[in-house]
Amino acid sequence: MDLAAIIHETWAELAARRGAGQVADYIPALARVDPTKFGIALATPDGQTHCAGDAAEPFSIQSISKVFVLALALDRHGPKLFERVGREPSGDPFNSIVQLERDHGIPRNPFINAGAIVTTDHLIDDRPVDEAIAELLALLRTIARDDTIMIDGEVAMSESTAGDRNRSLAYFMASFDVLNNAVPDILNGYFRQCALALSCRNLAEAGLFLACDGTDPVTGQTVVSSERCRRINALMLTCGHYDNSGQFAYEVGFCGKSGVGGGILAVVPNRASIAVWSPGLGDAGTSLLGSAALRLIAEKTGWSIFG
Ligand code: GLN
């Protein structure tokens, strides 16, 4: 299969629709991103990465960071993490608060904002926030093999300025004793992880361990055990697109995690890690063109995990 050709064909077939959807506008740094940006990168276990369009340009990965934070938090705490966060799709938007009261402050899964705040709390654990964020950045730089990967300071600051909903979620959970660290410290970490800037190439390469039983085939680094890898992929499939997860599984059939910056990381076990970026979002805060690109790639490769 000529994967390079498939990536280029997919990009070309969709290029005319660049600009479709609504760019996230809750912070200025995202609102001013050029809506016509469109990149695709596909990394395979043999160490090759095929790219098309704006695949080398860093963008705000936002909620895609929740996957890497989950991997590190599980490494630190193991399944005990799931005493504080569930493993069920929520069927509600990413920043919803409604289920928290009924569920005694325990979020449904690690990918909605409330669940990610719990996961970040566990990543911080008993050390300074800066140390936890440094560990996250170091992991990404290693597995993406790019020491220039940064956290965008302006995005991190405005996440905090516009962060009242996340603050509400965190304080509400704190009222149920679900969090270990002080809310401002946890949110400091959460806002910075959202502000990580990676290119499609970076992201596809960083996600490759999830397609390879937990071990990055290029660096040889075991990021998570194969059992944990399987479970992270299961959570991506069932919860990675919030209240659009069923639709994404139906249309595309890859494990995936979206972010409001317009990126999606998709994982096809044993085959590839794929990153797409197009800032225009659909209803559930998922990249419109990005989802369309993954759907086309799934059709052209026949790689849907459902056969
Ligand atoms: N920074 C965003 C938030 O916390 C991330 C949400 C997302 O990417 N879905 O609201």
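Residues numbered from 1 in each chain as written. Predicted model: local features only at pLDDT ≥ 70, side-chain atom pairs only at ≥ 80, totals over all residues. Heavy atoms only, no water.

- Within an unreviewed UniProt entry, the label attached to the chain reads Glutaminase, and the organism entered is Flavisphingopyxis soli.

1. Observations regarding the side chain of Asn 233
- Looking at the secondary structure, you find Asn 233 in helix α12 (residues 226-239).
- The exposure class of Asn 233 is buried, given its relative accessible area of 6%.
- Apart from the residues within four sequence positions on either side, Asn 233 is in contact with Leu 210, Cys 255, Val 267 and Pro 269. (Helix = DSSP H or I, 4+ residues; strand = E, 2+ residues; numbered from the N terminus. Buried < 20%, exposed > 50% of the residue type's maximum accessible area, 1.4 Å probe, protein only. Contact = heavy atoms within 4.5 Å.)

2. Comments concerning the nonpolar core
- In this structure, Phe 68, Leu 203, Ile 232 and Met 236 are the most contacted members of the largest nonpolar core, which totals 71 residues.
- Excluding residues within four positions of it along the chain, Ile 232 makes contact with Val 67, Leu 70, Ala 71, Leu 74, Leu 210 and Val 224.
- With 25 residues, the next largest nonpolar core counts Ile 6, Phe 38, Ala 266 and Leu 296 among its residues. (Core = buried A, V, L, I, M, F, W, Y, C linked by side-chain atoms within 4.5 Å.)

3. Some words on the sheet that holds strand β4 (residues 59-60)
- Judged by pairing direction, the sheet is antiparallel, and its 3 strands sit side by side in the order β4-β6-β5 without closing on themselves. Strands with a single pairing partner mark the edges of an open sheet, and in this sheet they are β4 and β5 (150-151).
- Here helix α6 (residues 129-143) sits on the sheet and contacts β5 and β6 (196-198); the angle it forms with β6, its principal contact strand, is near 5 degrees. (Pairing = 2+ DSSP bridges. Axes fitted to C-alpha atoms, helices over the stretch in contact; angles between N-to-C directions.)

4. As for the sheet that holds strand β7 (residues 255-258)
- Here 5 strands make up an open sheet; going across it, the order is β3-β2-β9-β8-β7 and the pairing antiparallel. Edge positions in the sheet fall to β3 (49-53) and β7, since each has one partner strand and no second. Pairs of neighbouring strands in the sheet enclose a mean axial angle of 10 degrees, with direction left out of account.
- Examined bridge by bridge, strand β2 (residues 39-43) and β3 share 5 bridges and lie antiparallel to one another. What sits directly across from Ala 43, in β3, is Thr 49.
- Packing against the sheet, helix α1 (residues 3-14) makes contact with β2 and β3, and its axis sits at approximately 20 degrees to β3.
- Of the strands in this sheet, β7 and β8 (263-268) are in contact with α12, which crosses β7 at around 65 degrees.

5. Topic: unusual backbone geometry
- Positive phi is not limited to glycine here, since Arg 145 has a value of about 50 degrees.
- Checked against the element boundaries, Arg 145 lands in the loop between α6 and β5.
- Of note, Asp 213 is a non-glycine position whose phi angle comes to about 60 degrees, a positive value.

6. Let's talk about α12
- The terminal C-alpha atoms of α12 lie 20 Å apart, and with 14 residues this matches the ideal 20 Å at 1.5 Å per residue to within 8%.
- Regarding α12, the residues found buried are Cys 229, Ile 232, Asn 233, Leu 235, Met 236, Leu 237 and Cys 239.
- Contacts from the buried residues of α12 go to α3 (65-77), α11 (208-211), α13 (245-251), β7 and β8. (Expected span 1.5 Å × (residues − 1).)

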